[in-house]
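Survey of secondary and tertiary structure
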Amino acid sequence: MLNIDLHCHSTISDGLLTPTQLVERAAIRGVETLALTDHDDIAGLAEARQIAETKNITFINGVEISVSWRGRTLHIVGLDIDPQYTPLIEGLAAVRAGRTQRAENIAAELAKIGIHDSLEGAYAYVGEQRLIGRTHFARFLVEQGYAKDVKSVFKKYLIKGKPGYTPHEWAALSDAIGWIHGSGGRAVIAHPGRYHLGKNVLNDLFDEFCALGGAAIEVVTSSHTPEQVKDFAKHAQDMGLMASCGSDFHGPGESYYDLGQLPELPLGCKPVWHDWKSLAAIE
Ligand code: AMP
Ligand code: MN
Ligand code: MN
Ligand code: MN
């Protein structure tokens, strides 16, 4: 069985390890094929690829794009993208600019409940100063003693309905998929179980995703229960979509599955990597 992980994060977005450290950890833990999929940024790919080559890991260029769809936030993973493709580069730069503005809004909301200087505090956790997200605020709030860990800080302050949440308009689904396809990649709906969509809305999403030429559903991920894995495997088969798998690793102890630990896709799934030429040698 191929040890493959097609979803993880580095310090380029909200992961705790640099691209080099991440690939080194993947190598130690037996990963043979790895995609780095930082939120809205591809600046880590060159470094990760270079280290992967020295470790005999097949490296896949990836990204996880933040999307607004029907007033909800979704994540679309792009796999095997070309990081030189200008519309992708420009599109992601625009999404990151939106993040900078949103961070100011989050800080303003937190100030209203007496939490001051959170923008500077969050930025202290931002590696490359290119991209800021809620996780950086979460780490600052934990540091300040507002909650015991990142998970509880999200629940208390950073999710919809809580004081530090601000609505935000991300990329359009069609744009994100367009950038991925234009750069030669495949689009994957990341962790669909995380969106808590009702049956009809979920079917609408899959229909729209298929109509836009989307390729796969992330079936195996740290976010899914065993029931959800079965469920989304079936959805993928019913819709004629391929299946993907990724830990969504952000750092040691931060995701259910560490790098190299993922279970296999359920029987009957068509892997999103089934025809990748770069994998031919080891399949
Ligand atoms: P953002 O894209 O800035 O809104 O941040 C989204 C990121 O926050 C996700 O990729 C996760 O890394 C993290 N996140 C979201 N919800 C939670 C949660 N409930 N607990 C812990 N981390 C979360
Ligand atoms: Mn994240
Ligand atoms: Mn995600
Ligand atoms: Mn992710």
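All of these numbers come straight from a predicted model, not from anything done at the bench.

Surrounding the manganese ion (ligand 2) are the protein donor atoms Asp14 (OD), Asp14 (OD), His39 (NE2) and His250 (NE2), at 2.1 to 2.8 Å. The sequence pattern describing where the donors of the manganese ion (ligand 2) fall on their chain is D-x24-H-x210-H. Between the manganese ion (ligand 2) and the manganese ion (ligand 3), a separation of 5.7 Å is found. With histidine 39 in the loop between strand S2 (33–36) and helix H2 (45–54) and histidine 250 in the segment after strand S8 (242–246), this pair connects stretches of sequence that are 211 residues apart. What makes histidine 39 buried here is its relative accessible area of 7%.

Among the nonpolar cores identified, the biggest contains 73 residues, and Leu6, Ile65, Leu79, Val219 and Trp273 are the most heavily contacted of them. Ranked by residues supplied to this core, first place goes to strand S3 (residues 58–69) with six residues. Membership of the second largest hydrophobic core comes to 18 residues, among which are Ala107, Phe137, Leu141 and Tyr157.

A separate point is the packing of aromatic side chains. Any pair of aromatic rings gets described here by the distance separating the centres and the angle formed by the planes. According to the stated counting rule, one finds three aromatic pairs in the structure shown. On the basis of an interplanar angle of 80° and a centroid distance of 5.9 Å, the ring pair of tyrosine 146 and tyrosine 157 is categorised as edge-to-face. One end of the pair, tyrosine 146, is in the loop between helix H5 (134–143) and helix H6 (150–158); the other, tyrosine 157, is in helix H6, and eleven residues separate them in sequence. Looking at tyrosine 146, the relative accessible area reads 27%, which means it is partly exposed. Judged by centre distance (4.9 Å) and plane angle (75°), the ring pair of tyrosine 256 and tyrosine 257 falls under edge-to-face.

The next subject is the packing of H5 against H6. Two measures define how a pair of helices packs: the angle their axes make with one another and the distance between the axes. Here H5 crosses H6 at 105°, and the two axes come no closer than 9 Å. When the interaxial angle is binned, H5 and H6 end up roughly perpendicular. Every residue of H6 that contacts H5 at Arg134, Thr135, Phe137, Ala138, Arg139, Leu141 and Val142 is listed here: Val150, Val153, Phe154, Tyr157 and Leu158. Taken together, the residues of the contact of H5 with H6 break down into nine nonpolar, one polar and two charged.

Analysis parameters
Residues numbered from 1 in each chain as written. Chains lettered and ligands numbered in written order. Predicted model: local features only at pLDDT ≥ 70, side-chain atom pairs only at ≥ 80, totals over all residues. Heavy atoms only, no water. Donors = N, O, S within 2.8 Å, 3.2 Å for Na, K, Ca; no water. Helix = DSSP H or I, 4+ residues; strand = E, 2+ residues; numbered from the N terminus. Buried < 20%, exposed > 50% of the residue type's maximum accessible area, 1.4 Å probe, protein only. Core = buried A, V, L, I, M, F, W, Y, C linked by side-chain atoms within 4.5 Å. Phe/Tyr/Trp six-rings, centres within 6.5 Å; stacked < 30°, edge-to-face > 60°. Axes fitted to C-alpha atoms, helices over the stretch in contact; angles between N-to-C directions. Parallel < 35°, antiparallel > 145°, perpendicular 65-115°, else oblique. Contact = heavy atoms within 4.5 Å. Nonpolar A, V, L, I, M, F, W, Y, C, P; charged D, E, K, R; others polar.

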